[in-house]
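# Survey of secondary and tertiary structure
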Amino acid sequence: MSFASNTSSAGRYRRQLTPKQMEAEVFARATRALRDAGTEGGIAQARAIADNRRLWDAVLDSVLDPTNRLAVPLRAQIASLARAVLRELDAEAPDAAFIIEMNEQMAGALWN
């Protein structure tokens, strides 16, 4: 399979996804990066942690936005979760299992 046909297939797949499913895919990619980086440290782990931090920063910013149409109680719950994940990501030795679990929970909720 050529790169062009592979790229075309990926484009067709993305066009079939709902916006929520696309968001779920972002969480899945962030989770894969953490898993692939393992616990060895190094640049891969630092990049995975930084990418996850950006993801959860975006989640927090989104639910704090007054124009967000989610119900206020749900937005508050997601904001609380985002803050907990961000605290963990800022720890000296972040608990990757916790972050992965939270990513998977969000992806699962978004995929449905």
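Residues numbered from 1 in each chain as written. Predicted model: local features only at pLDDT ≥ 70, side-chain atom pairs only at ≥ 80, totals over all residues. Heavy atoms only, no water.

### Digging into the overall build of the protein
Along the protein, the regular secondary structure elements total 5 helices and 0 strands. Helices (α) and strands (β) of the protein occur, in sequence order from the N terminus, as α-α-α-α-α. Within the protein, the proportion of its 112 residues that are buried is 31%. Considering only contacts in the protein between residues 6 or more positions apart, those separated by 24 or more positions represent 56%. Surface exposure of the protein reaches about 7400 Å², of which carbon and sulfur atoms provide 56%. (Helix = DSSP H or I, 4+ residues; strand = E, 2+ residues; numbered from the N terminus. Buried < 20%, exposed > 50% of the residue type's maximum accessible area, 1.4 Å probe, protein only. Contact = heavy atoms within 4.5 Å. Areas by Shrake-Rupley, 256 points an atom, 1.4 Å probe, with all protein chains shown as cover.)

### Examining the layout of surface pockets
Put simply, the largest pocket is a space of about 490 Å³. Taken together, 18 residues form the lining of the largest pocket, with Glu 23, Leu 70, Ile 78, Met 106 and Leu 110 sitting closest to its centre. Going through the elements one at a time, helix H2 (19–37), helix H3 (42–64), helix H4 (72–89) and helix H5 (96–111) are the ones with two or more residues in the lining of the largest pocket. Top contributing element to the lining of the largest pocket by residue count: H3, with 5 residues. Among the residues forming the lining of the largest pocket, the class breakdown is 13 nonpolar, 3 polar and 2 charged. (1 Å grid on protein atoms, 1.4 Å probe; cavity = no way out; pocket = protein on both sides within 12 Å on 5 of 7 lines; lining within 4 Å. Points joined across faces, edges and corners; volume = space filled by probe spheres on them. Nonpolar A, V, L, I, M, F, W, Y, C, P; charged D, E, K, R; others polar.)

### Regarding the pattern of salt bridges
Scanning the model with the defined rule gives 3 salt bridges in all. Where Arg 35 meets Glu 104, a salt bridge forms, and the shortest distance between an N and an O atom there is 2.5 Å. Residue Arg 35 is located in helix H2, and its partner Glu 104 is located in helix H5; the two are separated by 69 residues in the primary sequence. Of the residues examined, Glu 104 reaches a relative accessible area of 33% and is grouped as partly exposed. With its nearest N and O atoms 2.2 Å apart, the salt bridge here joins Arg 54 to Asp 51. Of this pair, Arg 54 and Asp 51 both sit in helix H3, 3 residues apart, roughly one helical turn. (Salt bridge = Lys/Arg side-chain N within 4 Å of Asp/Glu carboxyl O.)

### Re H2
One turn of an α-helix holds 3.6 residues; hence residues three or four places apart share an orientation. The first and last C-alpha atoms of H2 sit 28 Å apart over 19 residues, in line with the 27 Å expected at 1.5 Å per residue. Of the residues making up H2, those classed as buried are Gln 21, Ala 24, Phe 27, Ala 30, Thr 31, Leu 34 and Ala 37. (Expected span 1.5 Å × (residues − 1).)

### A word on the nonpolar core
Inside soluble globular proteins, nonpolar side chains tend to come together where they are buried. Counting residues in each nonpolar core, the largest one holds 24 residues, and the members touching the most others are Phe 27, Leu 34, Trp 56, Val 59, Leu 60, Val 85 and Leu 89. Sequence-distant contacts of Leu 60, defined by excluding residues within four places in its chain, comprise Ala 79, Ala 82, Arg 83 and Leu 86. (Core = buried A, V, L, I, M, F, W, Y, C linked by side-chain atoms within 4.5 Å.)

### Here's the deal with the environment of Ala 82
When you line up the elements, Ala 82 lands in helix H4. With 27 residues separating them in the primary sequence, Ala 82 and Leu 55 have C-alpha atoms 9.5 Å apart. Not counting chain neighbours up to four residues away, the residues in contact with Ala 82 comprise Trp 56, Val 59 and Leu 60.

### Brief notes about the packing of H4 against H5
Helix packing for two helices is described by the angle between their axes and how far apart those axes are. Their axes nearest at 10 Å, the elements H4 and H5 cross at an angle of 150°. Judged by the inter-axis angle, H4 sits roughly antiparallel to H5. Crossing of H4 over H5 shows left-handed handedness. Here H4 contributes Ile 78, Leu 81, Ala 84, Val 85, Glu 88 and Leu 89 to the contact with H5, which in turn contributes Phe 98, Ile 99, Met 102 and Met 106. When the residues that make up the contact of H4 with H5 are grouped by side-chain class, the tally is 9 nonpolar, no polar and 1 charged. (Axes fitted to C-alpha atoms, helices over the stretch in contact; angles between N-to-C directions. Parallel < 35°, antiparallel > 145°, perpendicular 65-115°, else oblique. Left-handed = near helix turned anticlockwise from the far one by under 90°.)

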